[in-house]
Amino acid sequence: MSDIIKLLPDHVANQIAAGEVVQRPASVVKELLENAIDAGATNVQLIIKDAGKTLIQVIDNGNGMSMTDARMAFERHATSKISTADDLFNLYTKGFRGEALASVAAISQVSVKSKRQEDDLGTLLEIEGSKVTRQEPVVTSQGTMISVRNLFYNVPARRKFLKSDQVELRNITDEFHRVAMVHPEVAMSFSHNDTSLFNLVKSTYRQRIVGIMGSKTNEKLVPVEEETELMTVKGFIGKPEFARKTRGLQYFFVNNRFIKHNYLNHAVASAFEGLLKDKSNPSYFLYLTVPRDSVDINIHPTKTEVKFDDEHSLYAILRASVKHALGQFSVNAIDFQQEKQYEVPYDVAKNAHSQVPKIEVNHDFNPFQQESNTNKSYPTPSFQKPPTQPWEALYAGIEETTQLTDETHMQGSTSSMFQQAEVEQRNIFQLQRKFVISTLKSGLLVVNQQRAHERILYEKLLRQLTVQNGVSQQLLFPIKLNLPVDEVAVLINLQEELEHTGFLFKTLEHNVVEIEGLPLELKEKDVPFVLEAVIAKEQQDLPENTYSPADRLAQTMAVTMSIKTGEALNSQAMENLVDELFACKEPEVTASGKKIFINLSGDSLHSKFN
């Protein structure tokens, strides 16, 4: 019997390794940007076409590579970052595994131009599916330009599982943000399909965050800065009133590397305890510095998961640092309007001698004494008698007014009688500000008020999106919101559908969203929460055939705009809610399949007492 274990060919091994390193176009963007930073670049350009499926290009002005280095860079486990195993615990660079470029070259068509400062000519290298097709000297500027075309061209199964261009572009944008935020000293630009999305100049950490997230972000940031033997914490946290329902603005950087860590995230969340609304998440941009030998980065090829030696101590330090920053913010907020002239230095107050205040009393004061006219004069009020009229004028038009008054009185009496009879026929009340309970001939009807309103709004919004346009209420003063570029891009894609529901946009570009009209059911104060929920829903990686875009938008808006548990309703509002619910096509369940009401019959109530 022959042997059955074989050594896989290099191109097959590279494609298998590429499955771990390169999961989507954003993975390639991450590796190329980090290589540019490790090369000492001060200017990095990212150019994308078709959400990275057609082209991913990174241009930098770093150190560049020689002809031999350019060829060796695409071999498996070839790197300039480490040389021994001990170097894994003393890393100064972002890359160290030596697998990224080899994995990328195995599943795409790669072209590299690179030149060092001391060389007269650079190197051109072209690779397709791990095979070098061309290598020659070329005239180019210092640095490296690497182009990745037709990703997964030789692995069609992987390419088929890529998401829509919108989803893949959002993931690429996230990777760009993570690299740009931690390296404000590097000028970075990002364009997609010949459209410039970001053009970031050299700046500070705060300026870089504001440049990415929008100018309005500046007023939402609270600085955090603590230094201990175990860890140094710097960065910013968002003010509690700007907390969001989603976790989109939560960034941890450890030793200039973006990480995800649920335990440390809990430390920040616990510091905000009691300051946030229900189900809200704080935003933060925190840069942590720890000794390099106390953190293990070599856990996963993506290098976003790390292990610390003493996580409990880091948890306590981070929580205390955030609490301290929040405390300082609260003090500053209280004393913000205080005049400088009323502030007494501590040393002055400490050395000052207190004295008993003197009270002066005017013993000659008499409140009943009339002042002479020479001291003060008051105007004498004048009264004028109204002009008299003949008594016949009082009864002018008596017949018309009497008839009208009688009819009005009869109508009011009839209406009140009908209303009284209706109230006697259906008693309705609210329980725990959550349920609407109405009496029926057969028993009781118990309605969940939030779910009922969700169903009503869902069918109304879906009808507006598919059949007729919604009515819009014009705003006297437009609402101006400042959102990240990727979130504004989502709203641009949904602009037509949102306008069918009643939204009217005046401006919708880059970081600015200006709204001059709203749906009738939407309150002005709820606009940020509704748009945030719509954006978050669209950014989820949902299968495209799960819901139609109109159905998904109607569901999201209905859930966000509905009356919530804890909101008090008067009798008229409860009656309208019940009537509108049973006018719906499917009053039994919400759009997501949750039960809206139950019917308690007299027999079932009677059985409870047996």
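Residues numbered from 1 in each chain as written. Predicted model: local features only at pLDDT ≥ 70, side-chain atom pairs only at ≥ 80, totals over all residues. Heavy atoms only, no water.

Chemist: Which residues make up the pattern of salt bridges, and what values go with them?
Modeler: Throughout the structure, instances matching the rule amount to 13 salt bridges. Linking R455 and E459 is a salt bridge whose minimum nitrogen-to-oxygen distance equals 3.0 Å. Pair noted here: R455 and E459 are both in helix 12 (residues 449-466), with a separation of 4 residues, about one helical turn. You'll find R455 and E459 in the same group, each marked buried. Each of the salt bridges in this network shares a partner with another, and the network as a whole consists of R116, E118 and D119. (Salt bridge = Lys/Arg side-chain N within 4 Å of Asp/Glu carboxyl O. Helix = DSSP H or I, 4+ residues; strand = E, 2+ residues; numbered from the N terminus. Buried < 20%, exposed > 50% of the residue type's maximum accessible area, 1.4 Å probe, protein only.)

Chemist: How would you explain the packing of helix 12 against helix 17 (residues 571-581) if you had to name every residue and give the values?
Modeler: At their nearest, the axes of helix 12 and helix 17 sit 9 Å apart, and the two run at 50 degrees to each other. Comparing their axes, helix 17 and helix 12 come out oblique. Helix 12 and helix 17 meet at a crossing whose hand is left-handed. Residues Q449, A452, H453, R455 and I456 of helix 12 form the contact with helix 17, whose own contacting residues are L577, E580 and L581. Across the contact of helix 12 with helix 17, the residue classes break down as 4 nonpolar, 2 polar and 2 charged. (Axes fitted to C-alpha atoms, helices over the stretch in contact; angles between N-to-C directions. Parallel < 35°, antiparallel > 145°, perpendicular 65-115°, else oblique. Left-handed = near helix turned anticlockwise from the far one by under 90°. Contact = heavy atoms within 4.5 Å. Nonpolar A, V, L, I, M, F, W, Y, C, P; charged D, E, K, R; others polar.)

Chemist: Give me the lowdown on a positive patch on the surface, citing residues and values where you can.
Modeler: Where like charges cluster on the molecular surface, the positive patch consists of K245, K277, K279, K564 and K594. Looking at where K564 falls in the secondary structure, it is placed in the loop between helix 16 (549-561) and helix 17. By relative accessible area, K564 is classed as partly exposed at 32%. (Patch = residues over 30% accessible without salt bridge, like charges linked within 9 Å, V, L, I, M, F, W, Y side chains within 5 Å. Areas by Shrake-Rupley, 256 points an atom, 1.4 Å probe, with all protein chains shown as cover. Lys, Arg positive; Asp, Glu negative; His and termini not counted. Charge placed at Lys NZ, Arg CZ, Asp CG, Glu CD.)

Chemist: Which residues make up the sheet that holds strand 19 (residues 472-482), and what are the values?
Modeler: Backbone hydrogen bonds are what pair the strands of a sheet, in a parallel or an antiparallel way. Here we have 3 strands laid out as an open sheet, ordered 19-21-20, and antiparallel in their pairing. Of all the strands in the sheet, just strand 19 and strand 20 (504-509) have a single pairing partner and so form its edges. Taking each pair of neighbouring strands and ignoring which way they run, the sheet shows an average axis angle of 20 degrees. One ladder, built from 5 bridges, connects strand 20 with strand 21 (residues 512-519); its direction is antiparallel. Among the inter-strand pairings, F505 is bridged to a residue of strand 21, identified as I515. In the packing of helix 15 (residues 527-539) onto the sheet, contacts are made with strand 19 and strand 21, and the angle to strand 19 comes to roughly 70 degrees. (Pairing = 2+ DSSP bridges.)

Chemist: Give a description of the pairing of strand 7 (residues 187-192) that names residues and reports values.
Modeler: Look at any regular strand and the pattern is simple: side chains alternate between the two faces of the sheet. Counting buried positions over the 6 residues of strand 7 gives 6, a clear majority of the element. Pairing of strand 1 (residues 43-49) with strand 7 involves 6 bridges; the strand directions are parallel. Following the sheet pairing, L46 is matched in strand 7 by F190. Pairing analysis gives 5 bridges linking strand 7 to strand 8 (residues 195-200), with the strands arranged antiparallel. Within strand 8, the residue paired with M188 across the bridge is L200. Linkage of strand 7 to strand 8, two consecutive antiparallel strands, is achieved through a turn of 2 residues, within which N193 is found at a positive phi near 50 degrees.

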